[in-house]
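Letter by letter, the chains look like this.
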Amino acid sequence: MSWGLRDPVFRAVRDAWRGRGWEAGSRTIPEESAVALTYNSVTHAVMMATPRDLEDFAVGFSLSEQVVASADDIETIEIVPTDHGIELRLWIAAPRSDAFIDRRRFLAGPTGCGLCGIESLAEAVRTPPVVTRGLSISPQSIAAALASLPAAQVLNQQTRAVHAAAFWEPGRGLVALREDVGRHNALDKLAGALARAGTSAARGVVLLTSRVSVELVQKAAVMGAPVIVAVSAPTALAVRTAKAAGITLVAVARDDGFELFANPHRIVMDCSEHVA
C-alpha cells in the first residue's frame, strides 16, 4: 500500500500495567517515516523523520549538509509519497549541482543518528565554519528563552516523545520552533524555516531539548548561530567543536541555572544585550 503523507501523530491501542492489573486504552505517539532526499534525481540521504514541515526539512538539511550555499540555490521542492515512505525531490541549479555530484555521498540515518553511513570519517568530523558575529545575552534572557519552549511544543504535548529545536531572539521572543523524532531533523527543520523566512540566526539563540552531539554543533555553525542552549549535556566532541567554531555552548539548562562549556564571552551579567 502507499505510505502517503500520514499525520505526525498516531493513536495507538495499548494495554497498561498499573500495579493492580492490566488496563486497556490508547496513547498518542509520534509518526515516523523514511524520508529520501534526492537532488537532480540522485539520491543523497534517507532519514527517519516526522512527516511534518518537510519543506523546511528539505531546505535546512540541504544547507546544513552544504549541498547548497543558500536557499536560492534550490529551484524546486516536490514532496512525493511512495510505497515505502516519502521522497523529497529537489532540483538545484548549476554550479551547485555540479559541486554536489563531485562530493556526492550516501548516508542512512536511523532515528537519533545523523551520521550513520557516511563513507568518509573526515566528512563526519569536518571542520565547521567559525561564527564570529552574534549577540551578547544575559542569564535572565536564557531563562526566559527556556520558559517559552513548553507551550510551543505541540507535538511533544501530545506524545512526550519528540525533540524540539527553536530560535529565540531578544526583543522578539520565540521566533520559530520545529519538532521531530530525530533531534538533528528538528534542527534542520528550524534552519530551513529561518532560511525561508529570511531570518538571520546570528541575531538569536538556538534552543535544543536534547543532548548536544557534534552534528548539532556543526549544523548550528553552518546556520551562523552564535549561541546554543540545550536542556541536556553535550558530548566531549561537541564541546571541542563548539570551541573551534566560536559558538557559545550552554547546556544542562534548567529552571535554576545552566552550565557554560565553550566561549563564555557572549554571556553578560546585565541586560545590555546587543548583536555584534
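Residues numbered from 1 in each chain as written. Predicted model: local features only at pLDDT ≥ 70, side-chain atom pairs only at ≥ 80, totals over all residues. Heavy atoms only, no water.

Novice: Honestly, the overall build of the protein chain in this entry has me stumped. Any pointers?
Specialist: A tally of helices and strands in the protein chain yields 9 helices and 13 strands. Residue burial in the protein chain is summarised as follows: out of 276 residues, 51% are buried. Considering only residue pairs separated by 6 or more positions, the protein chain has 54% of its internal contacts joining residues 24 or more positions apart. With the model as given, the accessible surface of the protein chain reaches about 12,600 Å², and the carbon-plus-sulfur share is 53%. (Helix = DSSP H or I, 4+ residues; strand = E, 2+ residues; numbered from the N terminus. Buried < 20%, exposed > 50% of the residue type's maximum accessible area, 1.4 Å probe, protein only. Contact = heavy atoms within 4.5 Å. Areas by Shrake-Rupley, 256 points an atom, 1.4 Å probe, with all protein chains shown as cover.)

Novice: Sorry if this is basic, but what is going on with the sheet that holds strand 9 (residues 173-180) here?
Specialist: In space, the 6 strands of this open sheet follow the order 9-8-10-11-12-13, with mixed pairing throughout. With one partner strand each, in any of the chains shown, strand 9 and strand 13 (257-262) form the two edges of the open sheet. Across this sheet, the average inter-strand angle for adjacent strands is 20°, counted without regard to direction. Pairing of strand 12 (residues 248-254) with strand 13 involves 4 bridges; the strand directions are antiparallel. Across the sheet, Ala251 pairs through a bridge with Glu259, a residue of strand 13. (Pairing = 2+ DSSP bridges. Axes fitted to C-alpha atoms, helices over the stretch in contact; angles between N-to-C directions.)

Novice: Sorry, what's going on with helix 8 (residues 214-223) here?
Specialist: In an α-helix, one turn spans 3.6 residues; hence positions three or four apart end up facing the same way. In terms of burial, helix 8 is a largely internal element, 9 of the 10 residues being buried. Regarding helix 8, the residues found buried are Val214, Glu215, Leu216, Val217, Gln218, Lys219, Ala220, Ala221 and Met223.

Novice: So what exactly am I meant to see when it comes to the side chain of Thr28 here?
Specialist: One can find Thr28 in strand 2 (residues 22-30). Take Thr28: its relative accessible area is 13%, and that puts it in the buried class. Of note is the side chain of Thr28, whose polar atom sits 2.4 Å from the side chain of Arg11. When near neighbours in sequence (up to four residues on either side) are disregarded, Thr28 contacts Val9, Phe10, Arg11, Gln158 and Thr159. (Polar contact = N/O pair within 3.5 Å; in protein donor to acceptor, adjacent residues only side chain to side chain.)

Novice: How do you make sense of the packing of helix 7 (residues 183-197) against helix 8 when you look at a structure like this?
Specialist: Two measures define how a pair of helices packs: the angle their axes make with one another and the distance between the axes. Where helix 7 meets helix 8, the closest approach of the two axes is 10 Å, and the angle between their N-to-C directions is 5°. It follows that helix 7 is roughly parallel to helix 8 by the angle criterion. Between helix 7 and helix 8, the residues in contact are Arg183, His184, Leu187, Asp188, Leu190, Ala191 and Leu194 and Glu215, Leu216, Lys219, Ala220 and Met223, respectively. (Parallel < 35°, antiparallel > 145°, perpendicular 65-115°, else oblique.)

Novice: Just checking my understanding: could you explain the pattern of salt bridges for this structure?
Specialist: Pairing is possible between side chains that carry opposite charge, provided their charged atoms lie close to one another. In the structure shown here, the tally under the stated rule is 10 salt bridges. Of the charged contacts, one joins Glu169 and Arg203 as a salt bridge, the two residues approaching to 3.6 Å between their closest N and O atoms. Remark: Arg203 occurs in the loop between helix 7 and strand 10 (205-208) and Glu169 occurs in strand 8 (residues 163-169); sequence separation between them is 34 residues. A residue is classified by how much of its surface remains accessible, and Glu169, at 7% relative accessible area, is buried. Owing to a relative accessible area of 41%, Arg203 belongs among the partly exposed residues under this scheme. Linking Arg183 and Glu215 is a salt bridge whose minimum nitrogen-to-oxygen distance equals 3.6 Å. With Arg183 in helix 7 and Glu215 in helix 8, the pair connects residues that are 32 residues apart, well separated along the chain. (Salt bridge = Lys/Arg side-chain N within 4 Å of Asp/Glu carboxyl O.)

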